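# Topology and contacts: notes
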Amino acid sequence: MSKKKLVVIGNGMAGVRCVEEIIALSSDTYEIVIYGDEPRPNYNRIMLSKVLQGEHALQDIIINDWAWYEQHGIRLCTGEMVHKIDTQAKTIETVSGIKESYDLLILATGSAPFIPPIPGVDKERVMSFRTIDDCTRMSDYSKEHRKAAVIGGGLLGLEAARGLLHLGMEAVVVHNAPYIMNRQLDMQAATMLQRELEAQGMSFLLAKNTQKIVGRSQAQGLLFTDGSKLEAQVVVVAVGIRPHVDVARRSGIRTNRAIVVDDYMRTSVPDVYAVGECAEHRGISYGLVAPLYEQGKVLARWLCGQETTEYRGSIPYSQLKVSGVDVFSAGHISGDGMQTAVQMLDGIRGTYKKVLMKDGKVSGAILFGDTTESTSLLGLVQRGAEVTELAPREDGPDPAEMAAAALPEQETVCACNNVNKVAIMRAIQEKGLQTAEQVKEHTKASGSCGGCRPMVAALVKHTLNLKKNGGDANGAVTAAGAVKSLEWPVCSCTDLGHDSLKEALDPMSSGDSCLLESSADHVREINKSDETKRIMQRLDWKTEEGCHICRPALRYYVLISRRWMNVQQPDQAVTWNDKLPGTYTGIEVHTDELKFKSLAEQLQLRWRGIDMPSPVRVAVSAGAGSWVSPIVQDIGLQQSPAGWEIYVGGHAAHPVKEGGLLGLAEMEEDAERLISACMEWYRRTAWYDEPLWAWVERLGFMSIREILLDEQFQHELVGREVGEVTFT
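Now for a look at the structure at hand. Because the structure is a prediction, the values reported are computed rather than measured.

### Thoughts on the overall build of the chain
From N to C terminus, the chain includes 23 helices and 34 strands. A buried classification covers 52% of the 728 residues belonging to the chain. Excluding contacts between residues fewer than 6 apart, the proportion of contacts in the chain whose partners are at least 24 apart in sequence is 61%. For the chain, the accessible surface area stands at approximately 33000 Å², while carbon and sulfur atoms represent 48% of it.

Below, the structure is given as structure tokens:
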């Protein structure tokens, strides 16, 4: 059986990353052909500024060399620009006349520099900064000329100016806003950055609008609308990008600003897809690496016939190193109703932190000089967390290390080189690495743009502390690749985190040192304060009575552990009729149709009286048009032609979060078993008062899904739960 032919138009970072994902998932599915208009293999465009600054050569920023394409059987056609697509005949044609048929087509045409209609912009020595050839031109110009102007005070403009300084030229940045990087920073952070850059030799003209570029045939300077002038023999225009959509538009593919795609990156034409800067999803086209890679993963799984969640868009964020200065920006930093939640300025260290909120939710963040909190702040922005989560905890650990500990195990730390947390921690442990520089040498993490360097340094500290405290070089990373992280204390009354507290009370992990006594008399006394006080004393609680945070948490973990003892020691089982203060029991089930009433009642009955970490809401729905939306509940069942779809981890509160598809079940009893297994796993592994959606985020949806789709483990979980109570 012959393979289907997959043609990719564009040899840039987004398109090739999608191809990499396809190869990793199913290397034998497609015959792959890639067309690129540059005469070289795939390279890291983010690193152009490093090439310009002399830190790297072209070879250093090549992502996939010629051998990689050959190794994977990919036919790469370089120096070829596609100008026509016949979507009916399923063929493409290049400017040079090459024709190629396809079964599936991916448009990854990227973008081009936006050139504003300034008179004189077509003169010689006026250029953009987008390709390796632009770097070569700048280097050649610097050998004959001394004065350069950069139009545009965003990231690209600043990097271009820094490169020109390295080449020995005078560089003046001209920006039409009152401060630089005004889309990512506020005035305070921008002012701090400007001072740093001025110290490096850069000059700035702010709130200036260029009227024209002066000179006869070659650039000689700029004339501004206020009548002032600037001498410059080289002019670099870096004011933004424009998606490449011409070939799509000519071919009848729907476009707005970019090529319109749905949640699976499908265009308006069958078998034609788009990813990267040329794609417009829900009205937004992204110019940052992380969203483009997310799009590529979704499309790759879709094309390989594997189940995947839809691409739902990305929270815009930038974590970068601007001329040696660490800068981070995420979410919305200005707009109506925006308020400052946290603002901290350290003039001695040269650091700045600002967190913004709207309607009591974290909506944006800016970090300057020290970006170690970037990951944790990004998480708060992405889920629209309550601003109360920003409150510092007494005696809390180092924020940088906590941010590293909180990072999901498989989370990508270095987007440029695709290095995740587990890979970094394994390298540190197995190779005995001690510094971020050593990590860079062994894994390439932080070796490109440098924006992830603070997180790499924090992971080094975190991993070394784990090794120091545990005394086991491999203790932090399990055979399965999961990382045991440092914890936030439950409250200021104790140094223990939720996981450590649960472990201390777990009869299976504690053995003879278990703090719980197994006699029925003690079990029946669980509601009395003496039991709680005794445990607090054994665990070196800092206060005698505890507080409103730790008391209910401790009671819940005691309750869970004692019920587990009843399963293991049925001869000592007891009746549980009392509801502890601060605990949650049962579940709330909603349905939109009378025919599902018995299922809803059965679920409620099955979990009646069962203690839960947090209130759980379940929805049972017939599907489209229902007033009950299963995908924005803790757990949702939706009837489908194939049976039942089970969703987990959504919530309807602002901002709305859609749950992921946990699995499909043909029969009602199969759906009920999967739900019950999920509930049981949730209450055994969740922290007290941790909503189910937050539990999913902490453990990782795919990790939970892989565990719960093991049918043997499903039966084991449900069996344990059934053994604790009697259902009728």
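Read on, since the account is not over.
### A few points about the sheet that holds strand β16 (residues 234–237)
Ordered in space as β9-β16-β10-β11-β12, the five strands form an open sheet in which the pairing is parallel. Looking at strand neighbours, the two that pair on one side only are β9 (126–128) and β12 (203–206), the edges of this open sheet. On average, adjacent strands in this sheet sit at an angle of 25° to one another, irrespective of strand direction. Across four bridges, the pairing between strand β11 (residues 170–175) and β12 is parallel.

### With respect to the pairing of strand β31 (residues 617–621)
Counting buried positions over the five residues of β31 gives four, a clear majority of the element. Across four bridges, strand β29 (residues 588–591) lies against β31 in parallel orientation. For Val-589, the partnering residue across the bridge sits in β31 and is Val-618. Note: β31 against strand β32 (residues 635–640), four bridges, orientation parallel. Residue pairing in the sheet places Ala-619 in a bridge with Gly-636 of β32.

### Overview of the sheet that holds strand β5 (residues 91–94)
What the three strands build is an open sheet, ordered β4-β5-β6; its pairing is antiparallel. Where the open sheet ends on each side, the last strands, each with one partner, are β4 (82–86) and β6 (99–101). Neighbour to neighbour, the strand axes of the sheet diverge by 20° on average, direction disregarded. Looking at chain direction, β5 and β6 are connected through three bridges and run antiparallel. Residue Glu-93 lies in a different strand from β6, and its bridge partner there is Lys-99.

### Regarding the packing of helix α11 (residues 421–431) against helix α12 (residues 436–443)
With their axes 10 Å apart at the nearest point, α11 and α12 run at an angle of 105° to one another. On the basis of their axis angle, the class for α11 and α12 is roughly perpendicular. Counted together, Ala-423, Ile-424, Ala-427, Ile-428 and Lys-431 of α11 and Val-439, His-442 and Thr-443 of α12 form the full contact between these two elements. Its residues placed into classes, the contact of α11 with α12 shows five nonpolar, two polar and one charged.

Criteria and cut-off values
- Numbering of residues starts from 1 in each chain and follows the order in which that chain's sequence is written.
- Side-chain atom pairs in this predicted model are given and counted only at pLDDT of 80 or more, local residue features only at pLDDT of at least 70, and totals for whole chains, interfaces and linings cover all residues.
- The side-chain quantities take in all heavy atoms of the structure and omit both hydrogens and water.
- Under the scheme used here, helices are H or I runs from DSSP no shorter than 4 residues and strands are E runs no shorter than 2 residues, and both carry numbers assigned from the N terminus.
- Accessible area is worked out with a 1.4 Å probe on protein chains only. A residue is then buried under 20% of its type maximum, exposed over 50%, and partly exposed in between.
- In this description, contact between two residues means that some pair of their heavy atoms is separated by no more than 4.5 Å.
- All accessible-area figures derive from a Shrake-Rupley calculation using a 1.4 Å probe, and residue coverage is judged against the displayed protein chains alone.
- Criterion used throughout: strands pair if DSSP finds at least two bridges between them.
- Interaxial angle, 0 to 180 degrees, is taken between N-to-C directions of lines fitted to C-alpha atoms, where a helix line uses only the stretch in contact.
- Note on angle classes: values under 35 degrees are labelled roughly parallel, values over 145 roughly antiparallel, values of 65 to 115 roughly perpendicular, and the remainder oblique.
- For this classification, the nonpolar set comprises Ala, Val, Leu, Ile, Met, Phe, Trp, Tyr, Cys and Pro, the charged set comprises Asp, Glu, Lys and Arg, and every other residue, Gly included, is treated as polar.

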